[in-house]
Amino acid sequence: MPLPTGTQPPTSKFGHLPLSTSGPLECPCKGAVLLNHPYFNKGSAFTAEERREFQLTGLLPPNIQTLDQQVRRAYEQYSALPDDLAKNTFSTAMKEQNEVLFFKLLLDNLDEMFSVVYTPTEGDAIQNYSRGFRKPAGLFLNVHDVDRVYADMARWATADDVDYIVVTDGEEILGIGDQGCGGILISIAKLVLTTICAGIHPNRVLPVVLDCGTDNETLLNDNLYLGLKEKRVPGEKYDELVETFIKSARELYPKAYIHFEDFGLTNARRLLDEWRPKIPCFNDDVQGTGCVTLAAILSGMHVSKQKLGDLRMVVFGAGSAGVGIADQVRDAIAAERGVNKEEASKQIWLIDKPGLLTDKVQALTAAQTSYARTENWEGKQTDLLSMVREVKPNVLVGTSTVPKAFTEEVVRAMAEHVEQPIILPLSNPTRLHEAVPADVFAWTDGRALVATGSPFKPVKGPWGADGQEVEIEIAECNNSVVFPGIGLGGVLCRARLITDRMLIAAVEGVSELSPALQSDAAPLLPGADAVRRVSVRVARKVIQAAIKDGVATEQDIPTDEQELDEWIAEQMWDPVYRPLKYVEAKSAGH
Ligand SMILES: NC(=O)C1=CN([C@@H]2O[C@H](COP(=O)(O)OP(=O)(O)OC[C@H]3O[C@@H](n4cnc5c(N)ncnc54)[C@H](O)[C@@H]3O)[C@@H](O)[C@H]2O)C=CC1
Ligand SMILES: CC(=O)C(=O)O
Ligand SMILES: [Mg+2]
């Protein structure tokens, strides 16, 4: 019998692995249930044989279509929509209807759709969660029902097992602050990226929101708000919910990798520090942002022919992301220079609301304390502009959510002392960026090396030889470049823990594929066209590091690099229709 269009024959030598994507897919449903199952549904692409075997005749119009035809139709519908939020809503509906089609549409149009299914449009969708609500997706756990957490999680029945969990408490979403239970959409969006960028199986993931109330007055006053309508519950009750969630997850899905997303400043680092030594977990805002930003800085320093020993970095906005970046950069400096972390941290200046963080500033978090400057700053201005004049940084990072904080004066002051300043306005969404690339290039005569937290179009200007017009492409310095690959590595080698060495390896993986290594004028980081290649490389590096650290529990991981890449690729889910094989439904487990 010929295979349906878009299926892959089981040719891989790793086709026997449980996560292998070669060969048929076991399907426990038929008829209308199958058509309503987003993971198994093929819509008009069900073959004649499948229509007969799975009792679909009469439930579909007769013309059998290919996945490519379906994608063409979906893209036409998508393109006809009036704005990005409508396109985001359409994409959500498509995902709920047919995941292969949704992910194939996304993969074929990634450059165009990335910003619609992720930041900045996903931020708008999250803000609009309760008003745009149609159908629940994901798992909602709340601070008043801690006793029910285990049972509610056990009911998550889409898969035999769960490989990857994204959890948020909704407090500091994508730069738009406290979004309460609407945060479920960031868990879902990050999981979409793990699938599209790294082939994490979409039926083996679990998006979670921990609803602990919200301090967002707009939501509290909105009659249609769907979450707990009360101020955030802090302290012991909050910790009890987090702990019960993690312990339940470990018991029910012992292989799952837990990704923390968009927790608030007081909890993000604290929870990471508490759980990191015990379970395979990862905080994307702290560690993912740290890794991708270090990779961008390394590319920038490659172009400007400098070494980490030369780095002088000012970070504006010393929260989860800012300090996460500082940590990753500090560790890399320490390794390159062969000095301790304390010595390396002297090359980094953190600025927050009170100005420069010094040992005189009250109430620093534990993570900020190691960067508190000990020099005497009494009587001196320590605002951003003054610090740029004083420190003469060659790297300036923005993670403050303060739009336009990198003013013309600040950027020009930096460019006065540095031939190719590395300027990274990372605050999302787009409207909160500390500067926009066009301004930065105009103020530095195109000399600056820029990457941004959200996507920007290329910028044209007279910055070539003899004033020739050139177009500069801007890399997106977003944790999405790296977290999918780290997660893929962690999942495939079944890491017990996510170690520092694994994170450093991930940075190396991204750096090796940075276009700027090939050409000085190229973007500092790989773009959407390279996502899967980047994920395979990052996963390979992460797995090798996990083995070195003795935290990989999966047996029989190939040692040869090429074989390891094949082993990884074979286990990455692809948006293709596989032949379906009917199996009896399992009795209700989890
Ligand atoms: N590009 C990327 O991959 C990522 C970007 N981000 C973005 O970075 C921003 C910060 O995110 P988080 O660190 O998670 O938030 P956070 O709330 O932990 O940190 C923000 C920090 O900025 C400081 N800040 C606020 N106003 C300031 C001012 N006027 N002057 C100086 N500092 C000020 C706050 O006090 C806080 O310490 C957000 O816009 C977020 O979207 C976060 C993670 C990843
Ligand atoms: C990108 C991301 O994780 C954030 O803006 O929070
Ligand atoms: Mg985030």
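Residues numbered from 1 in each chain as written. Chains lettered and ligands numbered in written order. Predicted model: local features only at pLDDT ≥ 70, side-chain atom pairs only at ≥ 80, totals over all residues. Heavy atoms only, no water.

Student: Please set out the coordination of the magnesium ion (ligand 3) residue by residue, giving values where relevant.
Tutor: Protein coordination at the magnesium ion (ligand 3) comes from Glu261 (OE), Asp262 (OD) and Asp285 (OD), with a distance range of 2.0 Å. Every donor residue of the magnesium ion (ligand 3) comes from the same chain, spaced as E-D-x22-D. Taken together, the residues span a long stretch of sequence, with Glu261 in the loop between β5 (257-260) and α13 (265-275) and Asp285 in helix α14 (residues 284-303) at a distance of 24 residues. Each member of the pair Glu261 and Asp285 is classed as buried. (Donors = N, O, S within 2.8 Å, 3.2 Å for Na, K, Ca; no water. Helix = DSSP H or I, 4+ residues; strand = E, 2+ residues; numbered from the N terminus. Buried < 20%, exposed > 50% of the residue type's maximum accessible area, 1.4 Å probe, protein only.)

Student: I'd love a proper account of the site of ligand 1, names of residues and values included.
Tutor: Around ligand 1, the structure places 25 residues, and the nearest of them are Ser320, Ala321, Asp352, Asn428 and Asn479. Between ligand 1 and Cys477 there is a distance of 3.0 Å, counted from a nitrogen atom to a backbone nitrogen or oxygen. Taking 850 Å² as the accessible area of ligand 1 by itself, protein coverage stands at 87%. Of the residues contributing to the shell around ligand 1, the split by class is eight nonpolar, 13 polar and four charged. (Near = heavy atom within 4 Å. Polar contact = N/O pair within 3.5 Å; in protein donor to acceptor, adjacent residues only side chain to side chain. Areas by Shrake-Rupley, 256 points an atom, 1.4 Å probe, with all protein chains shown as cover. Nonpolar A, V, L, I, M, F, W, Y, C, P; charged D, E, K, R; others polar.)

Student: I'd like a description of the state of the cysteines, backed by residues and values.
Tutor: This model, assessed by the stated rule, comprises zero disulfides. Between Cys29, a free cysteine, and Cys27, which holds the nearest cysteine sulfur, the sulfur-to-sulfur gap is 4.0 Å. The thiol of Cys212 is not disulfide-bonded; the next cysteine sulfur, from Cys181, is found 11 Å away. On the basis of relative accessible area, Cys212 is assigned to the buried category, the value being 1%. (Disulfide = S-S within 2.5 Å.)

Student: Give a detailed account of the site of ligand 2, specifying residues and quantitative values.
Tutor: Tyr118, Leu174, Lys190, Glu261, Asp262, Asp285, Asn428, Asn478 and Asn479 make up every residue found near ligand 2. For ligand 2, an oxygen atom lies 3.0 Å from a polar atom in the side chain of Glu261. One of the side-chain nitrogen or oxygen atoms of Asn479 is found 3.0 Å away from an oxygen atom of ligand 2. Here the shell around ligand 2 is composed, by residue class, of two nonpolar, three polar and four charged. Counting contributing residues, the shell around ligand 2 receives three or more from each of domain 2 (128-263) and domain 3 (287-484). (Domains from an automatic or database assignment.)

Student: Describe in detail the sheet that holds strand β12 (residues 449-452), supporting the description with residues and values.
Tutor: One open sheet holds the seven strands; their spatial order is β9-β8-β7-β10-β11-β12-β15, and the pairing between them is mixed. With one partner strand each, in any of the chains shown, β9 (355-356) and β15 (475-476) form the two edges of the open sheet. Here strand β11 (residues 422-425) pairs with β12 via two bridges, running parallel. Pairing of Ile422 across the sheet is with Leu449, part of β12. (Pairing = 2+ DSSP bridges.)

Student: Describe the pairing of β12, listing the residues and the values that go with them.
Tutor: Residues Leu449 and Ala451 of β12 are buried on one face, and the alternating residues Val450 and Thr452, pointing to the opposite face, are buried as well. Of the pairings in the sheet, the one linking β12 to β15 comprises two bridges and is parallel in character. Paired with Thr452 across the strands is Glu476, a residue of β15.

Student: Hey, could you go over a negative patch on the surface for me, with residue numbers and the actual values?
Tutor: A grouping of Asp111, Glu112, Glu469, Glu471, Glu473 and Asp529 is seen on the molecular surface, where their side chains present a negatively charged patch. Looking at where Glu471 falls in the secondary structure, it is placed in strand β14 (residues 470-472). (Patch = residues over 30% accessible without salt bridge, like charges linked within 9 Å, V, L, I, M, F, W, Y side chains within 5 Å. Salt bridge = Lys/Arg side-chain N within 4 Å of Asp/Glu carboxyl O. Lys, Arg positive; Asp, Glu negative; His and termini not counted. Charge placed at Lys NZ, Arg CZ, Asp CG, Glu CD.)

Student: Summarise the sheet that holds strand β2 (residues 139-142); cite the residues concerned and give the values.
Tutor: Read from one edge to the other, the open sheet built from five strands follows the order β2-β4-β3-β5-β6, with strand pairing classed as parallel. Looking at which strands have only one partner, the edges of the open sheet turn out to be β2 and β6 (281-283). Looking at each pair of strands side by side, their axes are set apart by 25° on average, direction ignored. When strand β3 (residues 164-168) meets β5, the two strands line up parallel, connected through four bridges. Bridge assignment links Val166 to a residue of β5, and that residue is His259. (Axes fitted to C-alpha atoms, helices over the stretch in contact; angles between N-to-C directions.)

Student: A description of the domain arrangement of the protein chain should follow, citing residues and the corresponding values.
Tutor: Each domain of the protein chain was delimited in the assignment, giving domain 1 (25-119 + 581-587), domain 2 (128-263) and domain 3 (287-484). Measuring from the centre of the C-alpha atoms in domain 1 to the corresponding centre in domain 2 gives 25 Å. Between domain 1 and domain 2, the contact holds 16 residues from the first and 16 residues from the second. Between domain 1 and domain 2, the buried area comes to about 1400 Å², and carbon and sulfur atoms account for 71% of it. For the domain 1 face of the interface with domain 2, the top three residues by lost area are Tyr39, Phe103 and Tyr118, together amounting to 37%. Taken together, the connections running from domain 1 to domain 2 amount to zero salt bridges. Across the domain 1-domain 2 interface, the total number found is one residue pair in polar contact (both at pLDDT 80 or more). Elements that contribute at least two residues to the side of domain 1 that touches domain 2 include exactly α4 (84-97), α5 (99-108) and α6 (110-117). Top element by residues in the side of domain 1 that touches domain 2 is α5. It accounts for five residues. Classifying every residue of the side of domain 1 that touches domain 2 gives ten nonpolar, two polar and four charged. (Contact = heavy atoms within 4.5 Å. Buried area = accessible area lost by both parts, 1.4 Å probe.)

Student: Requested: an account of empty space enclosed by the protein, with residues and values cited.
Tutor: For the structure shown, the criterion picks out one cavity of 30 Å³ or more. Of the volumes computed, that of the largest cavity is approximately 90 Å³. Taken together, Leu25, Tyr39, Phe40, Asn41, Lys42, Val100, Trp573, Asp574, Val576, Tyr577, Arg578 and Leu580 make up the full set of residues lining the largest cavity. Partitioning the lining of the largest cavity into residue classes produces eight nonpolar, one polar and three charged. (1 Å grid on protein atoms, 1.4 Å probe; cavity = no way out; pocket = protein on both sides within 12 Å on 5 of 7 lines; lining within 4 Å. Points joined across faces, edges and corners; volume = space filled by probe spheres on them.)

Student: Give me the packing of aromatic side chains: which residues, what numbers.
Tutor: Overall, the coordinates contain 13 aromatic pairs when judged by the stated rule. With centroids separated by 5.4 Å and ring planes inclined at 75°, the aromatic side chains of Phe103 and Trp573 adopt a geometry described as edge-to-face. Separated by 470 residues along the polypeptide, Phe103 in helix α5 and Trp573 in the loop between α24 (561-570) and β16 (580-582) bring together distant segments of the chain. Accessibility expressed as a relative area gives 4% for Trp573, which makes it buried. (Phe/Tyr/Trp six-rings, centres within 6.5 Å; stacked < 30°, edge-to-face > 60°.)

Student: Pulling in residues and values, what's your account of the UniProt feature "active site" (unreviewed entry) in the protein chain?
Tutor: When the UniProt feature table is mapped to this numbering, "active site" (unreviewed entry) covers Tyr118 and Lys190. The annotated residues occupy 73 residues of the chain but converge on a single region, no pair of C-alpha atoms lying more than 7.9 Å apart. Mapped onto the elements, Tyr118 comes out in the loop between α6 and α7 (121-127). Taking relative accessible area as the criterion, Tyr118 reaches 1% and is therefore assigned buried. Ignoring any residue separated from it by four or fewer positions in sequence, one finds Tyr118 in contact with Lys190, Leu193, Asn478, Asn479 and Ser480. Tracing the backbone shows Lys190 in helix α10 (residues 184-198). (UniProt positions renumbered as here; feature names shortened; annotations may be inferred.)

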